[in-house]
Amino acid sequence: MLKEKIDRFYRKQEKNRRRDYFYASEVTDCKRKIYLKMKGADKEDLDPQTRRKFERGDMIHQRLVSALYSAGVVTASEVRMPDQSMFHGRADAIVSINNENYIVEIKSASPYSFKNLSEPKESWKKQLQIYLNHFGIDKGIILVECKGTQKLKEFSIEKDEGVLEELQEEFEKLLDMIKKDVIPKKPDKGDWKFDKCRYCLYKEACEESSNNLTGFTGE
Ligand code: SF4
């Protein structure tokens with residue numbers, strides 16, 4: 001009775017917007033998926049339960065930023081990168097500790113992945129490297145809260161200009177493919193830690209593009 005009402009509330013239809021930039025949070029995603037997103041391809045609706053999970057992640061994020069404000073270390077929060085850069089995104093917080101600035105990236109993890117987290121995920125590190133290089137700050141911290149126990153883990157990361165150069169090169173090539181309507185091939189799933197296709201909201205558009213010999217143009 002209530003479940004249906006709540007699910008209806010969470011079942012929002014989202015239109016995918018065309019864009020010509022990348023998000024810092026998507027740099028380790030499937031390139032084919034990024035292509036489809038940027039071309040404005042149709043995507044499946046996110047199910048209400050997953051939306052609620054994301055909302056919970058957002059609440060953890062807000063709570064930790066607020067705790068950092070109370071600790072008196074926050075210089076700025078939700079710091080946005082300028083629109084003219086290739087990567088768009090917002091650094092969660094910039095904190096100052098003993099007169100040194102750090103960019104803080106806040107994440108949440110399920111109890112299982114939190115327990116096995118001995119180092120930050122590649123996607124988190126790359127996202128933070130984009131912010132460190134962009135804002136010219138040498139050090140960052142990835143702060144992770146366990147969704148089940150509220151335990152925290154933190155990882156220190158140093159700025160590495162090489163990572164940004166590699167990402168820029170990689171994504172300039174993708175941008176060129178997007179401009180020329182050349183869809184990236186499906187990735188070799190052997191390299192993937194888990195099957196990303198299973199959770200991909202672009203499965204249908206991805207298959208349609210494979211069947212279309214003239215290639216997907218996004219029109
Ligand atoms: S279904 Fe798999 S290969 Fe296709 S876009 Fe999604 S993640 Fe990429």
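Each remark here, short or long, concerns the structure printed above.
Let me begin by describing the structure that accompanies this report. (Residues numbered from 1 in each chain as written. Predicted model: local features only at pLDDT ≥ 70, side-chain atom pairs only at ≥ 80, totals over all residues. Heavy atoms only, no water.)

1. Description of the pairing of strand β4 (residues 90-97)
Okay, step 1: One ladder, built from five bridges, connects strand β2 (residues 74-80) with β4; its direction is antiparallel. Residue pairing across strands places A76 opposite I94, the latter belonging to β4.
Okay, step 2: Connecting the antiparallel pair β4 and strand β5 (residues 100-109) is a turn made up of two residues, with N98 showing a positive phi of about 50 degrees. (Pairing = 2+ DSSP bridges. Helix = DSSP H or I, 4+ residues; strand = E, 2+ residues; numbered from the N terminus.)

2. Brief notes about the packing of aromatic side chains
Okay, step 1: Scanning the entire structure with this criterion turns up four aromatic pairs.
Okay, step 2: Geometrically, the ring pair formed by Y21 and Y23 is edge-to-face, given 5.5 Å between the ring centres and 90 degrees between the ring planes.
Okay, step 3: Given a relative accessible area of 16%, Y21 falls into the buried group.
Okay, step 4: Centre to centre, the rings of F22 and F87 are 6.3 Å apart; their planes meet at 45 degrees, and the pair counts as tilted. Of this pair, F22 sits in strand β1 (residues 22-23) while F87 sits in strand β3 (residues 87-88), and the two are 65 residues apart along the sequence. Note on accessibility: F22 and F87 belong to one class, buried.
Okay, step 5: Cluster of aromatic residues (ring-pair linked, three or more members): F22, F87 and F171.
Okay, step 6: Here the basic side chain of K153 rests over the ring of F114, its NZ or CZ set 4.6 Å away from the ring centre. (Phe/Tyr/Trp six-rings, centres within 6.5 Å; stacked < 30°, edge-to-face > 60°. Buried < 20%, exposed > 50% of the residue type's maximum accessible area, 1.4 Å probe, protein only. Lys NZ or Arg CZ within 6 Å of the ring centre and 35° of its normal.)

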